[in-house]
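Report on the structure
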Amino acid sequence: MIPEKITIKSALEGLARRDFSAGELFNHYQKRIVQLNPNLNAYLTMFETAQAGEGPLAGIPCAIKDNILIEGTRTTAGSKMLENYISAYDATVIKKLRAAGATFLGKTNLDEFAMGTSTENSAYGPTKNPMDHSRVPGGTSGGSAAAVAADLALFALGSDTGGSIRQPASLCGVVGLKPTYGRVSRHGLIATASSLDQIGCLTKTVYDAALVLNTLCGHDIFDSTTVKNSVPDFTAKLDLSIKGLRVGVPKEFFSAGLSAEVEERIKASIKVLEKLGCEIKEISLPNFEYALAAYYIINPAEISANLARFDGIRYGHSSDHAESLLDTYVQSRSEGFGPEPKRRIMLGTYALSSGYYDAYYLKAQKVRALIKKDFNDAFQNVDIIVGPTAPNTAFKLGEKISDPLALYLEDIYTVSVNLAGLPGISVPCGLGSKSNMPVGLQIIGKSFDEEIILRVAHQFESLQNRDKLSS
Amino acid sequence: MLTDAEVERIARLARLELTDSEKVSLKKDLSSILDYVAKLDATDTTGVEPLYQTTGVVNSTRTDEARGEFPMTPTLEELLIGQAPARKERFVKVKSILSKK
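Note that the structure is a prediction, hence the values are computed from the model and not measured. (Residues numbered from 1 in each chain as written. Chains lettered and ligands numbered in written order. Predicted model: local features only at pLDDT ≥ 70, side-chain atom pairs only at ≥ 80, totals over all residues.)

1. Overview of the sheet that holds strand 10 (residues 424-431) of chain A
Residues and elements named next belong to chain A. How we decide: Two strands are said to pair when DSSP picks up at least two bridges between them. Secondary structure elements are taken from DSSP: a helix is a run of H or I of four residues or more, a strand is a run of E of two residues or more, and numbering for both begins at the N terminus. Between N-to-C directions, angles cover 0 to 180 degrees, with each direction set by a line fitted to C-alpha atoms, over the stretch in contact for helices.
With mixed pairing, eleven strands are arranged side by side in an open sheet as 1-3-2-4-6-5-10-11-9-7-8. Taken across any chain shown, the strands that pair with only one partner, and hence form the sheet edges, are strand 1 (43-46) and strand 8 (279-283). Adjacent strand axes in the sheet meet at a mean angle of 30 degrees when their direction is disregarded.

Structure, rendered in structure tokens:
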């Protein structure tokens, strides 16, 4: 019998005690997926067999965002363009998870080519928020967040270009960790915006996130942006005291656009950090208000270059009524891409085109340098920065889909972290008083200092759980 | 506001063919996004170097030799070439570059 509220940690203990076998655990999750997925649409593909190995995650069933390649299986990236695409090789993170003994339950839904904030841009229909099926799970790793929140996997991999792990984690009430850019190999991740993309995990607890991160990190010869820094055991120092830790709260985070119910939960969470002995300091990130504008030039510019490879020649959708080579390119792309990729390809092409490059792309990359400098300056005086993950709790399906800019604004607290390449984690911090939906506290660290954000998130989570039990 | 001609020029550069309704909605959406990003003009970036990547890794090089990580097998060959819409033996076949018209 598989217990309820099972985590990776408790599953590993249960497997060690032989309370259940790896096969029973896999079958348990398969049954849950068959039963619950038709309503949620969290999974796009299910795998039939478990290939459990040995290692620190031996026998742990997980879900993989469907823009990460698993050899010999379908990877759609949420697009009609890749409806029948079979992956030619394993992504590096998949090789690492195999080596750690994890098993794969299936591939999860996402906004097409990881562009969006609600998973409504998937060509395979939206995923529903497990807490309320009339609401979005966030995005773009919405399928991964919903799978973990609904206990359809013990953990899931996601990718985060502008908040795509942290924001759905926040909206679904799970933990979402985006490591520092360069920590985790992107080899085998279908590229969205290459200078921003980073693979990370969605888990039920912070301890589980640390455990999964242990297996994902490291230099990779197939991704020359990965660093050769040593990788610590991220679970080792989770319980070290955080008394006297300096916590920065940017005043710019609490301005127009932040919903009252999220603000209320974040302010209460800051009180909890104070109770844990942290020293709270108000700080300023002067260029914060420009981050989203810079992001929505850099992101589409990189997308327009990355998506140029989808041309109907080697793989992916190819138009069957093209007459010439140029026709093949144009018609395959026009038929295969959905509205959001087209919008961003157009925007990026414009920003990079002759005569506009300096005004848009170059300007945005300069503002990006200012944003990075703001963080560097802030980290002279504080050890971590905290604030909301997203301005709102989960919104209704269809509520914002007709207004692209309104959807982009949901990323306002997360994009600057990607522009600066920093690590960030979203940890659940209660339910909003109005919507009764989850709110996430975002904790941002210095480059390659995942240890400290995990430690704070872990102790914050533990104190919250204790308070919940005693109330 | 972008003009219709600008929208068509960008689409041509991006190798996209837009329907009339796509042209209308993209003109509106792109214009509103460009209006929003225009706020960057308020920043002073005099003497600021652009930041293209964040890790500080410079010139990541390796020895120029075959590493043999992907030994070619019939299965891999099929995954790499067999997914093309047209092929001839081990080659991907494409349509003619010059128009017959």
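Still to come is the rest of the account.
2. Re the interface of chain B and chain A
Defined as follows: What counts as a contact is two residues whose backbone-derived C-beta atoms lie within 7 Å of each other. In this classification, Asp, Glu, Lys and Arg are treated as charged, Ala, Val, Leu, Ile, Met, Phe, Trp, Tyr, Cys and Pro as nonpolar, and every other residue, Gly included, as polar.
Counting from both sides, the interface comprises 41 residues of chain B and, opposite them, 53 residues of chain A. Only helix 1 (4-13), helix 2 (20-37) and helix 3 (74-81) of chain B provide two or more residues apiece to the side of chain B that touches chain A. No other element matches the seven residues that helix 2 of chain B contributes to the side of chain B that touches chain A. Here the side of chain B that touches chain A is composed, by residue class, of 24 nonpolar, ten polar and seven charged.

3. Observations concerning the environment of A:Leu326
Residues and elements named next belong to chain A. Selection criterion: Put plainly, a residue is buried at 20 or more neighbouring C-beta atoms within 10 Å of its own, exposed at 12 or fewer, and partly exposed in between, counting only other residues' C-beta atoms, which are placed from the backbone.
With respect to the helices, strands and loops of the structure, Leu326 is situated in helix 9 (residues 325-336). Taking the C-beta count within 10 Å as the criterion, Leu326 has 13 such neighbours and is therefore assigned partly exposed. Spatially, the C-alpha atoms of Leu326 and Pro56 are 50 Å apart, while their sequence positions differ by 270 residues.

4. Things to note about helix 7 (residues 260-275) of chain A
Residues and elements named next belong to chain A. Keep this limit in mind: To estimate how far a helix should reach, multiply one less than its number of residues by 1.5 Å. Note that the arc is defined by the directions from the helix axis to the C-beta atoms.
Here helix 7 spans 23 Å end to end across 16 residues, near enough to the 22 Å set by a 1.5 Å rise per residue. Those residues of helix 7 that fall on the buried side of the exposure criterion are Val262, Arg265, Ile266, Ser269 and Leu273. One side of helix 7 carries all its buried residues, which in axial view fall inside an arc of 100 degrees. Seen from the buried face of helix 7, the exposed residues on the opposite side, beyond 90 degrees, are Ala260, Lys267, Lys271, Glu274 and Lys275. Just downstream of helix 7 lies Gly277, where phi reads positive at about 100 degrees.

5. Looking at unusual backbone geometry
Residues and elements named next belong to chain A. Between Gly139 and Thr140 the backbone carries a cis peptide bond, its omega angle lying at 15 degrees. Residue placement: Thr140 occurs in the loop between strand 3 (103-108) and helix 4 (142-149). With phi around 60 degrees, Arg18 is a residue other than glycine that occupies positive phi space. With respect to the helices and strands, Arg18 occurs in the loop between helix 1 (8-16) and helix 2 (22-40).

6. Things to note about the confidence of the model for chain B
The following threshold applies: The score called pLDDT rates the predictor's confidence residue by residue, from a low of 0 to a high of 100.
Mean pLDDT over chain B: 91, with 97% of residues reaching 70 or higher. Scoring of the predicted complex yields 0.97 for pTM and 0.94 for ipTM.

7. What to know about the nonpolar core
Side chains that are nonpolar tend, in soluble globular proteins, to be buried together. Residue and element names in this part refer to chain A. As a reminder of what qualifies: Each nonpolar core comprises buried Ala, Val, Leu, Ile, Met, Phe, Trp, Tyr and Cys residues, the members being joined through C-beta atoms within 7 Å.
Of all hydrophobic cores here, the largest spans 149 residues; its most connected members are Cys62, Ala153 and Ala294. Broken down by element, this core gets its largest block of residues, ten residues, from helix 8 (residues 291-306). Look past the residues within four positions of Cys62 in its chain and what remains in contact with it is Leu97, Ala102, Phe104, Leu105, Ala153, Leu154, Phe155, Ala156 and Leu157.

8. A closer look at the packing of helix 8 of chain A against helix 10 (residues 339-352) of chain A
All names here are of chain A. For clarity, the threshold we go by: Roughly parallel here means an angle under 35 degrees, roughly antiparallel means over 145, roughly perpendicular means 65 to 115, and every remaining angle is called oblique.
Running from N to C, helix 8 and helix 10 point in directions that differ by 100 degrees, and their axes come no closer than 7 Å. The angle between the axes of helix 8 and helix 10 places the two elements in the roughly perpendicular class. Here Ile297, Pro300, Ala301, Ile303 and Ser304 of helix 8 lie close against helix 10, whose contacting residues are Arg344, Ile345, Leu347, Gly348, Thr349, Ala351 and Leu352. Partitioned by chemical class, the residues of the contact of helix 8 with helix 10 number eight nonpolar, three polar and one charged.

9. Quick word on the environment of A:Gln459
Residue and element names in this part refer to chain A. Along the chain, the position of Gln459 falls in helix 14 (residues 450-470). Taking the C-alpha atoms as reference, Gln459 lies 21 Å from Leu171; in sequence the two are 288 residues apart. Those residues in contact with Gln459 that lie beyond four places of it in its chain are Ile242 and Leu276.

10. Here we look at the pairing of strand 2 (residues 61-65) of chain A
All names here are of chain A. Put simply, the rule reads: Whether a crossover is right-handed depends on one test, that the path from the first strand over the helix to the second runs clockwise when the strands point away from the viewer.
Counting buried positions over the five residues of strand 2 gives five, a clear majority of the element. Examined bridge by bridge, strand 2 and strand 3 share five bridges and lie parallel to one another. Its bridge partner being in strand 3, Lys65 is matched across the sheet by Thr108. For the crossover that starts at strand 2, traverses helix 3 (residues 92-99) and ends in the parallel strand 3, the hand is right-handed. Where strand 2 lies against strand 4 (residues 155-160), three bridges are found, and the strand directions are parallel. Paired with Ile64 across the two strands is Leu157, which belongs to strand 4.

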